[in-house]
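Listed below, chain by chain, are the residues.
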Amino acid sequence: QVELVESGGGLVQAGGSLRLSCETSERTLRNYHMGWFRQTPGKEREFVAAISSIVVDWSSGRTVYADFAKGRFTISRDNAKSTVYLQLNSLKPEDTAVYFCAASQNNLSGSDAEYDYWGQGTQVTVSS
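What counts and how
Residues numbered from 1 in each chain as written. Predicted model: local features only at pLDDT ≥ 70, side-chain atom pairs only at ≥ 80, totals over all residues. Heavy atoms only, no water. Disulfide = S-S within 2.5 Å. Helix = DSSP H or I, 4+ residues; strand = E, 2+ residues; numbered from the N terminus. Buried < 20%, exposed > 50% of the residue type's maximum accessible area, 1.4 Å probe, protein only. Pairing = 2+ DSSP bridges. Axes fitted to C-alpha atoms, helices over the stretch in contact; angles between N-to-C directions. Contact = heavy atoms within 4.5 Å. Polar contact = N/O pair within 3.5 Å; in protein donor to acceptor, adjacent residues only side chain to side chain.

### What to know about the state of the cysteines
By the definition in use, this model includes one disulfide. What pairs with C22 in a disulfide is C101, and their sulfur atoms sit 2.0 Å apart. For the disulfide bridge between C22 and C101, the dihedral angle about the S-S bond is near -80 degrees, and by the sign convention the bridge is left-handed. Within this pair, whereas C22 is found in strand β3 (residues 18-23), its partner C101 is found in strand β9 (residues 97-104), the two being separated by 79 residues in sequence. For the pair C22 and C101, one class covers both residues: buried.

Now the structure itself:
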């Protein structure tokens, strides 16, 4: 019943930027914490960033970032559009991965085990 649709991925040169979108419902954004994860073939899925639900913090939201994302990536949400964004700046080849949006009912967490629903993912490829 929770739908998450990612978009915005693509091919970009090192140093470039992309903005990923995760479109969901008003109900989901209101009640679920939202996270971004990424996965490269042969590697485990890793946490990127998360933002709190609207009921916890209606404004800009509380946020959590992986160390590699701090200073380069920004998670945000547009309450009116029921959309979560992940702004990717200063991209590096090692950022190449499929990026997934996920929803957690109870926790603002960096652990994928805490997330209840997942999107299909969007591919980000960074060339050198």
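### Here we look at the sheet that holds strand β7 (residues 73-78)
If you walk across this open sheet you meet the four strands as β1-β3-β8-β7, and the pairing is antiparallel. Each edge of the sheet is formed by a strand with only one pairing partner; in this case those strands are β1 (5-7) and β7. With strand direction ignored, the average angle separating the axes of adjacent strands in the sheet is 15 degrees. Sheet analysis places β7 next to strand β8 (residues 83-88), joined by six bridges and oriented antiparallel. Looking at the pairing, F73 lines up with L88 of β8.

### Details of the environment of L11
Structurally, the position occupied by L11 is in strand β2 (residues 10-13). Residue L11 is classed as exposed on the basis of its relative accessible area of 66%. In sequence terms L11 and L86 are 75 residues apart; their C-alpha atoms lie 16 Å from each other. Not counting residues up to four positions away in its chain, the partners in contact with L11 are T125 and S127.

### A short note on the pairing of strand β11 (residues 122-127)
Side chains T122, V124 and V126 project from β11 onto a buried face, and the interleaved Q123, T125 and S127 project onto a face without burial. As paired strands, β2 and β11 are joined by four bridges and run parallel to one another. Its bridge partner being in β11, L11 is matched across the sheet by T125. Bridge analysis of β9 against β11 gives three bridges, and the strand direction is antiparallel. What sits directly across from V98, in β11, is Q123.

### Observations concerning the side chain of R72
Along the chain, R72 turns up in the loop between β6 (63-65) and β7. Overall, the relative accessible area of 12% leaves R72 in the buried class. Polar side-chain contacts of R72 include one of 3.2 Å to the backbone oxygen of F68.

### Things to note about the pairing of β9
Across a regular strand the side chains alternate sides, sitting on one face of the sheet and then on the other. Extensive coverage of β9 is indicated by the burial of seven of its eight residues. Both strand β4 (residues 33-39) and β9 contribute to a ladder of seven bridges, which runs antiparallel. Each bridged residue has a counterpart across the sheet, and for G35 the counterpart in β9 is A102. In terms of strand pairing, β9 meets strand β10 (residues 117-118) through two bridges, oriented antiparallel. If you follow A102 over to β10, its bridge partner there is W118.

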